[in-house]
Amino acid sequence: MDNLFKNKWFIRIISLLLAVLLWVSINVDDNMDSDSQWFNNTSSETEVMNDIPLEVQFDSEQYVVSGLPQNVAVAVEGPNGAVAPVVRQQNFTTFVDLNGLEPGTHEVSVQHSGISNQLSISIEPRVVEVRIEAKETQDFPVSVDYINERNIENDYTIGEAEIDPAEVTITGSAGAIDRVASVKAIIDVGEADGTIEDFEAPVKVYDAQGNELNVLLDPTSVNVTVPITKPEKEVPISFKPEGEAPDGVVIDSISSETDSVTIHGANDVLEEIENFEDIPVDVTDVTENETVNVDIPLPDDVSSVDPELVEVEIEVGVGESSEEET
């Protein structure tokens, strides 16, 4: 044995074997680490994505559909390397295919496309109920619905609105079309201080109970002009002489071709005014028939009067007062 250890070739062979064993040991450890890393990368992971839009495939020229949810929840399970980009990009679609189905109520499966086959997919709800109905189209007149009208009704008067276009086209199921009771353009007049010109008003469709109907509109809004003016009222007028006519002059009559004026103001003020009686006409310098302009007095809280001046004819008689005194 001692002789073997003294043999240089024996020593070389033993060294070579030890080197090989060391190399194998190091490479086995590296492979185990690599395998462990690969295993971790392919470990299963689950992610849930809510509010994924649900698309509908059907013949939209002939049918309308109802009952479907707008969104679904999608859960994906698989390797992290495959799950992460799907959750981040969400470049897939969920849909129901109604092509080939007849009108009526159907239960259909929610499908998906654009997701890797490496992943396990779960959709909630998986099955949905949908109603397919024949499409109908009909024209309806538009009326105006005022919001906050009470805020201005004492100070302003709302005239007849002009609507362009006066009709809209409604598309929906036969049942929905039959339920249409009113089509209204919505106008907020709460802060109006004058006529509303060419306002683009949204159009709403209601049934007889005032519930808004889910139908298609063309157009979805209309242009509306609403005359909003100060309240006005026409009242009769009359006149009376004021002051003493010159000696020997008798005022026979005071008259005017204008027998009424228009006053403007708040509604509660105008309601209290029935007429303008005995508007004074100065006759202190009248010696013969003449025509004068008389200012129409403005009552309290009345903002304006039209016309402001009125022509008044004064007719006189001479000497009648002296004869009556004798």
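Here the structure is a predicted model, which is why all the values come from computation and not from measurement.

I'm lost on the overall build of the protein chain in this one. Help?
Each helix and strand in the protein chain was counted, giving six helices and 24 strands. Expressed as a percentage of its 326 residues, the buried residues of the protein chain come to 29%. Put simply, of all contacts in the protein chain between residues at least 6 apart along the chain, 70% involve residues at least 24 apart. Taken as a whole, the protein chain presents about 21000 Å² of accessible surface, with 45% of it coming from carbon and sulfur.

Explain the environment of Gln138 to me, please; I cannot follow it from the model alone.
If you trace the backbone, Gln138 turns up in strand 8 (residues 127-141). Not counting residues up to four positions away in its chain, the partners in contact with Gln138 are Val168, Thr169, Ile170 and Ile177.

Even after reading the chapter, I still don't get the sheet that holds strand 20 (residues 260-265), so can you show me in this structure?
What holds strands together in a sheet is hydrogen bonding between their backbones, with the strands either parallel or antiparallel. With respect to topology, four strands assemble into an open sheet ordered 21-18-20-23, the strand pairing being mixed. Two strands in the sheet have a free side with no partner beyond their single neighbour: strand 21 (276-282) and strand 23 (302-306). Across this sheet, the average inter-strand angle for adjacent strands is 40 degrees, counted without regard to direction.

What is the right way to read a negative patch on the surface from this model?
Side chains of Asp155, Asp268, Glu271, Glu272, Asp300 and Asp301 sit close together on the surface and give a patch of like negative charge. On the basis of relative accessibility, which here comes to 58%, the residue Glu271 falls in the exposed class.

I keep staring at the sheet that holds strand 14 (residues 196-206) and nothing clicks. Help me out?
In space, the five strands of this open sheet follow the order 9-13-14-16-11, with mixed pairing throughout. Across the chains shown, the open sheet's two edge strands, defined by having one partner strand only, are strand 9 (143-147) and strand 11 (162-164). Direction aside, the axes of adjacent strands within the sheet are offset by 40 degrees on average. The pairing of strand 11 with strand 16 (residues 221-226) spans three bridges and is antiparallel. By the bridge assignment for strand 16, Asp164 is matched with Asn223.

Quick question: what am I supposed to make of the nonpolar core here?
Soluble globular proteins tend to bury their nonpolar side chains together. If you look at the biggest cluster of nonpolar residues, it comprises 25 residues, and the most contacted ones within it are Ile170, Val183, Val205 and Ile228. For this core, the element with the most residues is strand 14, which contributes four residues. Once residues lying within four places of it in the same chain are set aside, the contact partners of Ile170 are Glu136, Thr137, Gln138, Phe140, Ile177, Val180, Val183, Val205, Val215, Leu216 and Leu217. Among the nonpolar cores identified, the runner-up in size contains 24 residues, and Val269, Ile273, Ile279 and Val305 belong to it.

Is there a simple way to think about the environment of Glu61 in this case?
In this fold, Glu61 is placed in the loop between strand 1 (44-57) and strand 2 (63-66). When the C-alpha positions of Glu61 and Lys135 are compared, they lie 7.6 Å apart, and in sequence the two are 74 residues distant.

I keep staring at the pattern of salt bridges and nothing clicks. Help me out?
In the structure shown here, the tally under the stated rule is three salt bridges. Note that Glu133 and Arg131 form a salt bridge whose closest N and O atoms lie 3.8 Å from each other. Assessed through its relative accessible area of 39%, Arg131 is described here as partly exposed. For Glu274, the salt bridge is made with Lys233, and the minimal N-O distance between the two is 3.9 Å.

I would appreciate a short explanation of the pairing of strand 4 (residues 93-97) in the present structure.
Look at any regular strand and the pattern is simple: side chains alternate between the two faces of the sheet. Both strand 1 and strand 4 contribute to a ladder of four bridges, which runs parallel. Looking at the pairing, Glu55 lines up with Phe95 of strand 4. The sheet contact formed by strand 4 and strand 6 (residues 111-113) spans three bridges and is antiparallel. Following the sheet pairing, Thr94 is matched in strand 6 by His112.

Help me understand unusual backbone geometry, please; the structure alone is not making it clear to me.
What you tend to see is this: most non-glycine residues have negative phi, and most peptide bonds are trans. Cis peptide bonds are those with omega within 30 degrees of zero, and the linkage from Asp164 to Pro165 qualifies with -5 degrees. Within the chain, Asp51 stands out as a residue other than glycine whose phi angle is a positive 55 degrees. Counting through the fold element by element, Asp51 comes out in strand 1. With a relative accessible area of 60%, Asp51 lands in the exposed category.

Help me out: how do you make sense of the environment of Thr157 in this one?
Within the secondary structure, Thr157 is located in strand 10 (residues 157-158). With residues near it in sequence (within four places) discarded, Thr157 still touches Pro227, Ile228, Thr229, Lys230, Pro231 and Asn267.

What counts, and at which threshold
Residues numbered from 1 in each chain as written. Predicted model: local features only at pLDDT ≥ 70, side-chain atom pairs only at ≥ 80, totals over all residues. Heavy atoms only, no water. Helix = DSSP H or I, 4+ residues; strand = E, 2+ residues; numbered from the N terminus. Buried < 20%, exposed > 50% of the residue type's maximum accessible area, 1.4 Å probe, protein only. Contact = heavy atoms within 4.5 Å. Areas by Shrake-Rupley, 256 points an atom, 1.4 Å probe, with all protein chains shown as cover. Pairing = 2+ DSSP bridges. Axes fitted to C-alpha atoms, helices over the stretch in contact; angles between N-to-C directions. Patch = residues over 30% accessible without salt bridge, like charges linked within 9 Å, V, L, I, M, F, W, Y side chains within 5 Å. Salt bridge = Lys/Arg side-chain N within 4 Å of Asp/Glu carboxyl O. Lys, Arg positive; Asp, Glu negative; His and termini not counted. Charge placed at Lys NZ, Arg CZ, Asp CG, Glu CD. Core = buried A, V, L, I, M, F, W, Y, C linked by side-chain atoms within 4.5 Å.

So, to be careful, I would describe these as geometric facts and stop short of saying anything about function.
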